[in-house]
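Residue strings, one per chain:
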Amino acid sequence: MRRARLFGKEDADSALFNEEERALITLTDQSTRRVEVDADVIDHIKRLFGEAQTVEAVATVAAYNMVSCFLVALAI
């Protein structure tokens, strides 16, 4: 069975995505893999989207990660 390729930094740097999408991909990647997100990433997202939408983006990533942990823990 083939394993799916992980989404990596080279994907976030791809010309397929615009600046906003690349910033959100980086946020999602760092939050999911490391939990901590670099301050410069958060600052960049704040400049692009403002404070409220940055909070919404972080909350969305956190919620999806929580759902994944919940489902894995219950073997669903």
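For every chain, the first residue of the written sequence is number 1, and numbering continues from 1 onward in sequence order. Reporting of local features is limited, given that this is a predicted model, to residues whose pLDDT is at least 70; pairs of side-chain atoms are given and counted only at 80 or more, and all residues count toward the totals for whole chains, interfaces and linings. Only hydrogens and water are removed before side-chain values are computed, so all heavy atoms of the structure are retained for them.

1. Some points on the packing of helix H3 (residues 39-49) against helix H4 (residues 51-73)
Packed helices, taken two at a time, are described by their axes: the angle between them and the distance between them.
Move 1: Structural elements are reduced to axes, namely lines fitted to C-alpha atoms, with helices fitted over the stretch in contact, and the angle between N-to-C directions of any two is expressed from 0 to 180 degrees. Only DSSP runs of H or I covering at least 4 residues are called helices, and only runs of E covering at least 2 are called strands; the numbering of each starts at the N terminus. One can describe the packing of H3 onto H4 by two numbers: an axis separation of 7 Å at closest approach and a directional angle of 125 degrees. By the angle between their axes, H3 is oblique relative to H4. In terms of crossing hand, the pair formed by H3 and H4 is right-handed. On H4, the residues touching Ile42, Ile45, Lys46 and Phe49 of H3 are Glu51, Gln53, Thr54 and Val58. Roughly parallel means an angle under 35 degrees; roughly antiparallel, over 145; roughly perpendicular, 65 to 115; everything else is oblique. Helix crossings fall into two classes, left-handed where the near helix is turned counterclockwise from the far one by less than a right angle and right-handed where it is turned clockwise. In what follows, a contact means two residues having at least one pair of non-hydrogen atoms within 4.5 Å.

2. Concerning the environment of Arg22
Move 1: Here Arg22 lies in helix H2 (residues 19-34).
Move 2: Distance in space between the C-alpha atoms of Arg22 and Ile45 is 9.9 Å, their sequence separation being 23 residues.

3. Section: H3
Move 1: Summary of the burial criterion: residues with accessible area below 20% of their type's maximum are buried, those above 50% are exposed, and those between are partly exposed, where the area comes from a 1.4 Å probe applied to protein chains only. All of the buried residues along H3 are Val41, Ile42 and Ile45. For H3, the angular spread of buried residues about the axis comes to 95 degrees, placing them on one side. Exposed residues on H3 whose side chains face more than 90 degrees from its buried face are Ala39, Asp40 and Arg47.
Move 2: Elements in contact with the buried residues of H3: H2 and H4. This arc describes the spread of directions from the helix axis toward the C-beta atoms.

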